[in-house]
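The lines below spell out each chain.
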Amino acid sequence: MTELPRPPLPPFTRETAIAKVRAAEDAWNSRCADTVAPAYTLDTNWRNRAEFPQGREEVHRFLTAKWQREHNYRLIKELWAFTDNRIAVRFAYEWQDAAGQWFRSYGNENWEFDAKGRMAHRFASINDLKISEDERLFHWPLGPRPADHPGLSALGL
């Protein structure tokens, strides 16, 4: 079975790159591996911190485990740069561990897409910072970030 394209497709313009980044942010904020994993090629190649999921099935398992341990997850992504079929983003997300400790995780991702708009390569560098509940900046109901909620630059991140 041939998979349908996942627009926007490369080559990217500034507008389509921003749309691709927001679509990824919205999908990840669903915290649903069934929603997120189809955005990647069957043979996708990842580096996420010190983990190296290979292929869509491993990515699905990775994401399922991630959202089982990262509670109240809220993510903001922002376009950093783009070329024909590559996008670089910076991001931050806030989450709680099982003991209730809040964290803000900061990072950068480099993405490469195939012609059908699926991500073939994702390389992520991420750092975690413990924060108190009153230091949180991402206040919206679980799910996609509302259009009127500030992004990273507006929040000074």
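Summarised in this report is the structure supplied together with it.

What counts, and at which threshold
- Positions within a chain are numbered from 1, following the residues in the order the chain's sequence is written.
- A pLDDT threshold of at least 70 governs which residues receive local features in this predicted model, and a stricter bar of 80 or more applies before side-chain atom pairs are shown or counted, although totals over entire chains, interfaces and linings include all residues.
- Calculated side-chain values reflect all of the structure's heavy atoms, with hydrogen atoms and water omitted.
- Throughout, nonpolar core names a set of buried Ala, Val, Leu, Ile, Met, Phe, Trp, Tyr and Cys residues whose side chains join them through atoms within 4.5 Å.
- Partly exposed describes any residue whose relative accessible area lies between the buried limit of under 20% and the exposed limit of over 50%, with all areas from a 1.4 Å probe on protein chains only and scaled to the type maximum.
- In this text, helices come from DSSP runs of H or I with a minimum length of four residues, and strands from runs of E with a minimum of two, each type numbered from the N-terminal end.
- Planes of paired rings set the category: under 30 degrees apart is stacked, over 60 is edge-to-face and the rest tilted, where pairs are Phe, Tyr or Trp rings (Trp by its six-membered ring) whose centres lie within 6.5 Å.
- In this analysis, two residues are considered to be in contact whenever any of their non-hydrogen atoms come within 4.5 Å of each other.
- The salt bridge definition used is simple: a Lys or Arg side-chain nitrogen within 4 Å of an Asp or Glu carboxyl oxygen.
- Only when DSSP finds a minimum of two bridges between them are two strands counted as paired.

1. Looking at the nonpolar core
Here comes step 1: By size, the foremost hydrophobic cluster in this structure holds 28 residues, and its most contacted members are W28, L63, I87 and W111.
Here comes step 2: At the level of secondary structure, the elements contributing two or more residues to this core comprise α1 (14-29), α2 (33-36), β1 (40-48), α3 (56-69), β2 (71-82), β3 (86-96), β4 (102-113) and β5 (119-131).

2. Examining unusual backbone geometry
Here comes step 1: The omega angle of the peptide bond from P7 to P8 is 0°, so this bond is cis rather than trans.
Here comes step 2: Assignment of secondary structure puts P8 in the segment before α1.
Here comes step 3: In this model, P10 is joined to P11 through a cis peptide bond whose omega is 5°.
Here comes step 4: Positionally, P11 belongs in the segment before α1.
Here comes step 5: Of note in the backbone geometry, R31 takes a positive phi value of approximately 55° without being a glycine.
Here comes step 6: Here R31 shows up in the loop between α1 and α2.
Here comes step 7: Relative accessible area serves as the criterion here: at 29%, R31 is assigned to the partly exposed category.
Here comes step 8: Unusually for a residue other than glycine, N72 sits at a positive phi of about 55°.

3. Considerations on the packing of aromatic side chains
Here comes step 1: The tally for this structure, following the rule as stated, stands at 11 aromatic pairs.
Here comes step 2: Measuring from centroid to centroid gives 5.5 Å for W28 and W67, while their planes differ by 80°, and the two rings are edge-to-face. Highlighted residues: W28 in helix α1 and W67 in helix α3, separated in sequence by 39 residues. The same class applies to W28 and to W67, which are both buried.

4. Concerning the environment of R14
Here comes step 1: Checked against the element boundaries, R14 lands in helix α1.
Here comes step 2: In this structure, the C-alpha to C-alpha distance between R14 and G151, residues 137 residues apart in sequence, is 17 Å.
Here comes step 3: Excluding residues within four positions of it along the chain, R14 makes contact with L79 and F82.

5. Regarding the pattern of salt bridges
Here comes step 1: For the coordinates displayed, the defined rule picks out 13 salt bridges.
Here comes step 2: Here R22 makes a salt bridge to D26, at a shortest N to O gap of 3.0 Å. Placement of the pair is R22 and D26 together in helix α1, with a separation of 4 residues, close to one helical turn.
Here comes step 3: Judged by relative accessible area, which is 25%, R22 ranks as partly exposed.
Here comes step 4: D26 gets classed as partly exposed once you look at its relative accessible area, which sits at 26%.
Here comes step 5: When the shortest N-O distance is used, the salt bridge between E70 and K66 registers 2.7 Å.

6. A word on the pairing of β4
Here comes step 1: Counting buried positions over the 12 residues of β4 gives 9, a clear majority of the element.
Here comes step 2: In this structure, β3 lies alongside β4, joined through 11 bridges in antiparallel fashion. What sits directly across from Q96, in β4, is W102.
Here comes step 3: What sits between the antiparallel neighbours β3 and β4 is a turn of 5 residues, in which G100 has the positive phi angle 95°.
Here comes step 4: The antiparallel hairpin formed by β4 and β5 contains 5 residues in its connecting segment, where G117 sits at a positive phi of about 85°.

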